[in-house]
Amino acid sequence: MNTKLETIDYNLYYGNFHALADISVKFPEKQVTALIGPSGSGKSTFLRTFNRMNDLIAGTKYTGEVLIDGIDLFKIDPVALRQNIGMVFQKPNPFPKSIFENVAYGPRVTGMHDHKKLEEIVESSLRSAALWDEVKDDLGKSGLALSGGQQQRLCIARALAVHPTVILMDEPAASLDPIATLKIEDLIHSLSVNYTIVIVTHNMQQAGRVSDYTAFFYTDETRTGRLIEFGETQTIFTNPKDKRTEDYITGRFG
Amino acid sequence: MIGNARGNEQKMSGRMIADKTVKYILFISAILSIVIVLAIAFFIFRESVQAWTEIGFTDILFGGIWRPGQDQYGILAMIVGSVAVTVGAIVLGVPLAIGSAIFLGEIAPKWVQAILRPAVQLLAGIPSVVYGLFGMVVLVPIIRQINVPGNSGYGLLAASIVLAVMILPTITSIAEDAIRAVPDSYRSGSLALGATRWQTITQVVLPAGKSGIIAAIILGIGRALGETMAMIMVIGNSVIFPKPLNANPLTLFLSQARTLTGNIAVEISYATGVHESALFATGVVLFALIIVVNVSARWLVNRQSSIQTTRQ
Ligand SMILES: Nc1ncnc2c1ncn2[C@@H]1O[C@H](COP(=O)(O)OP(=O)(O)OP(=O)(O)O)[C@@H](O)[C@H]1O
Ligand SMILES: [Mg+2]
């Protein structure tokens, strides 16, 4: 299996605070990888590394290498990189624009102005995000007028519209009810055929249900986040090598 | 136990009384400010009744000649003067103010903000007579250099520039607040889609903050229409229709003019009878103009936001 994303001895600092230490890992292409671990262990920070959203936080520094398709990610223009690596946030954040405009936003800012093509992209993205049937008659309605679960799928459609190859998700279902959560999980499943997905989750059942691979992050009193264990989800859940992984998964801490 | 519960109850009712009292005080203050505004409006209107009845509505509003000595009280030239100088100030000041607001709210590093923001607020605290002085001593002599017959340096251009600077801090700080009130999640959402910082500002942040930005501009217009002292000092105050000084239409801005506010301030000290009443009528027109601006602005904001939530 091809490696899509890779880090080699990656360290990240927020100012003087060492947030991530020595992370070396390979995420395979077109698979779902879950990042799990207690609060503050650096999962979100690690996720934001890949679309360089950490660059926007003043005072961040890093060492080590991060590769996408074997290419040094920090040599790619961040704007171009983010068109290739989409992100879905913990709290749904549609723009205060119509559903249509929300999905068309990404293609528009990257230079697509042909209305016919935009319509096609909007429809196919909404279909892939399993939202089309619910909104096809109201594309002019504000994205903010949708339910939380629909908003999150709109945000997924919005990310898909720029044709990324990777989708990063930071607890995408954390603010949703169980039914909306299940819909998002189904969606992640179907998207994994075409996309490499990295998802942060606090929900062990969810990690078990949606992911092929799991990375376990942990932090001690130093508050520095470390990758403790990485492997196939099944192995991590049934036969973890590290005691801390086992304790976390069985709910003994975290 | 029972005693305790009663104690709590008494404390509760004490708090409720305090709560009620505060509500009552706030209600009275609100009513009071409305009453004061209405009282002023009523007073101005009552004083102007004589002018409306003796001179006539159309002769005041659309009369081109203001010559109190000959009982001519047309204020159209002053309406045009006020509107022209306000438009001039908006054209010059709004782009600058919105640009500064974007710079302060979105682009400037923290330490630059820490210097610039108080500087802008300081600008708002300078008395208008000082701006007028600056206009007279610095701007007017410069403008006088423009070689056009009849150009005195005093006039619409000097007044527009002074007014643009005067409304700058108001518009900048309110527009900046509107921009900073846009949630960061919109910005990260846009950037994460591969939009540039500039695209994010123009296509997400500014539209999301639009109603606040429009409100800022309206406040600027209101301030511009109401400004008196600085205008008297630099606009020339001739009661003439502003018109180009030669074949070049741009020389319109070198023309002198008088504003509605200036008209009142210059003449009220010696006016009596109908003349005095006509000055109050000028005030009524100013009042009406500001109400029109505010209402149309509110309408514009509502219409925009309903488009944002319903149209495609
Ligand atoms: N912008 C920032 N500036 C400084 N420190 C930060 C910043 N963001 C996160 N941190 C710190 O970095 C560490 C890792 O945070 P991060 O948000 O990545 O953890 P997480 O595993 O995603 O936690 P959670 O499960 O609560 O979301 C924490 O100690 C946090 O306080
Ligand atoms: Mg997190």
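All of these numbers come straight from a predicted model, not from anything done at the bench.

Trainee: I'm lost on the overall build of chain B in this one. Help?
Mentor: Helices and strands together make up the secondary structure of chain B, namely 12 helices and two strands. Reading chain B from its N terminus to its C terminus gives the helix and strand order α-α-β-β-α-α-α-α-α-α-α-α-α-α. Taking 2.2 N^0.38 as the reference for a compact globule, 312 residues should give roughly 20 Å; the C-alpha atoms of chain B span a radius of gyration of 25 Å, well beyond that estimate. By its C-alpha atoms, chain B is 85 × 55 × 40 Å across when sized along the principal axes. For chain B, the proportion of its 312 residues judged to be buried stands at 40%. At a minimum sequence separation of 6, the contacts of chain B that also span at least 24 residues come to 70%. Of the roughly 16,600 Å² of accessible surface on chain B, 70% is carried by carbon and sulfur atoms. In chain B, 20 positive and 13 negative side-chain charges are present, and the distance between their average locations comes to 11 Å.

Trainee: Help me understand the sheet that holds strand E3 (residues 32-36) of chain A in this model?
Mentor: To summarise the sheet geometry, strands pair through backbone hydrogen bonds and adopt either a parallel or an antiparallel arrangement. Residues and elements named next belong to chain A. Pairing is mixed across the open sheet formed by 10 strands, whose spatial order is E5-E4-E1-E2-E10-E9-E3-E8-E7-E6. Edge positions in the sheet fall to strand E5 (71-72) and strand E6 (85-88), since each of these pairs with one other strand and no more. Across four bridges, E3 lies against strand E9 (residues 213-219) in parallel orientation. Pairing of Thr 33 across the sheet is with Tyr 213, part of E9. Along the sheet, helix H1 (residues 43-50) contacts strand E1 (3-14), strand E2 (17-28), E3, strand E4 (60-68), E6, strand E7 (166-170), strand E8 (196-200) and E9; its crossing angle with E1, the most-contacted strand, is approximately 120°.

Trainee: Explain the packing of helix H5 (residues 128-144) of chain B against helix H6 (residues 156-180) of chain B here, please?
Mentor: To characterise two packed helices, one gives the angle between the axes of the helices and the distance between these axes. Residues and elements named next belong to chain B. Between H5 and H6, whose axes approach to 9 Å, the crossing angle comes to 140°. The orientation of H5 with respect to H6, classified from their angle, is oblique. The two elements H5 and H6 cross, and the hand of that crossing is right-handed. Contacts between H5 and H6 involve Ser 128, Tyr 131, Gly 135, Leu 139, Val 140 and Ile 143 on the former and, on the latter, Leu 157, Ala 158, Ile 161, Val 162, Val 165 and Met 166.

Trainee: It is not clear to me how the domain arrangement of chain B should be interpreted in this structure. Could you clarify?
Mentor: Accessible area lost upon the coming together of the parts serves often as the stated size of an interface. Residue and element names in this part refer to chain B. Domains assigned within chain B are domain 1 (1-54) and domain 2 (57-311). Relative placement of domain 1 and domain 2: their C-alpha centres are 34 Å apart. If you look at the interface, domain 1 gives 11 residues, while domain 2 gives 12 residues. Across the interface of domain 1 and domain 2, roughly 1,000 Å² is buried in total on both sides, 79% from carbon and sulfur atoms.

Trainee: Please clarify how the site of ligand 1 should be interpreted in this entry.
Mentor: All names here are of chain A. Near ligand 1 lie 15 residues; those nearest to it are Ser 39, Lys 43, Ser 44, Thr 45 and His 202. Contact between ligand 1 and Ser 41: an oxygen atom at 3.3 Å from a main-chain N or O atom of the residue. His 202 is positioned with one of its side-chain polar atoms (N or O) 2.6 Å from an oxygen atom of ligand 1. Considered on its own, ligand 1 offers 630 Å² of accessible surface; in the complex 68% of this is hidden by protein. Here the shell around ligand 1 gets four residues from one element, more than from any other, and that element is H1. Of the residues belonging to the shell around ligand 1, the class tally is four nonpolar, seven polar and four charged.

Trainee: Whenever I open this one, helix H4 (residues 110-125) of chain B confuses me. Can you help?
Mentor: Because an α-helix packs 3.6 residues into every turn, residues spaced three or four apart end up facing the same way. Residue and element names in this part refer to chain B. The end-to-end C-alpha distance of H4, which contains 16 residues, comes to 23 Å, matching closely the 22 Å that a straight helix rising 1.5 Å per residue would cover. Looking only at H4, the buried set comprises Val 112, Gln 113 and Val 120. Each buried residue of H4 sits inside an arc of 95° when the element is viewed along its axis, so together they form one side. In this structure, H4 carries Trp 111, Ala 114, Ile 115, Leu 122 and Gly 125 as exposed residues pointing more than 90 degrees from its buried face.

Trainee: Even after reading the chapter, I still don't get the nonpolar core, so can you show me in this structure?
Mentor: Counting 54 residues, the largest nonpolar core has Val162(B), Met231(B) and Val234(B) as the members making the most contacts within it. Of all elements in the fold, only helix H3 (99-109) of chain A together with helix H3 (76-107), H5, H6, helix H8 (197-208), helix H9 (210-226), helix H10 (229-234) and helix H12 (273-310) of chain B reach the threshold of two or more residues within this core. The leading source of residues in this core is H6(B), at 12 residues. Look past the residues within four positions of Val162(B) in its chain and what remains in contact with it is Tyr131(B), Gly135(B), Leu139(B), Ala230(B), Met231(B) and Val234(B).

Trainee: I keep staring at unusual backbone geometry and nothing clicks. Help me out?
Mentor: Peptide bonds are mostly trans, and most non-glycine residues show a negative phi. At Arg52(A), a residue that is not glycine, the phi angle is positive and equals roughly 55°. Within the fold, Arg52(A) resides in the loop between H1 and E4. Given the relative accessible area of 11%, Arg52(A) is considered buried. For Asp71(B), which is not a glycine, the phi torsion comes out positive at approximately 55°. Structurally, Asp71(B) can be placed in the loop between strand E1 (66-67) and strand E2 (72-73).

What counts, and where the lines are drawn
Residues numbered from 1 in each chain as written. Chains lettered and ligands numbered in written order. Predicted model: local features only at pLDDT ≥ 70, side-chain atom pairs only at ≥ 80, totals over all residues. Heavy atoms only, no water. Helix = DSSP H or I, 4+ residues; strand = E, 2+ residues; numbered from the N terminus. Rg over C-alpha atoms; globule rule 2.2 N^0.38 Å. Buried < 20%, exposed > 50% of the residue type's maximum accessible area, 1.4 Å probe, protein only. Contact = heavy atoms within 4.5 Å. Areas by Shrake-Rupley, 256 points an atom, 1.4 Å probe, with all protein chains shown as cover. Lys, Arg positive; Asp, Glu negative; His and termini not counted. Charge placed at Lys NZ, Arg CZ, Asp CG, Glu CD. Pairing = 2+ DSSP bridges. Axes fitted to C-alpha atoms, helices over the stretch in contact; angles between N-to-C directions. Parallel < 35°, antiparallel > 145°, perpendicular 65-115°, else oblique. Left-handed = near helix turned anticlockwise from the far one by under 90°. Domains from an automatic or database assignment. Buried area = accessible area lost by both parts, 1.4 Å probe. Near = heavy atom within 4 Å. Polar contact = N/O pair within 3.5 Å; in protein donor to acceptor, adjacent residues only side chain to side chain. Nonpolar A, V, L, I, M, F, W, Y, C, P; charged D, E, K, R; others polar. Expected span 1.5 Å × (residues − 1). Arc of directions from axis to C-beta. Core = buried A, V, L, I, M, F, W, Y, C linked by side-chain atoms within 4.5 Å.

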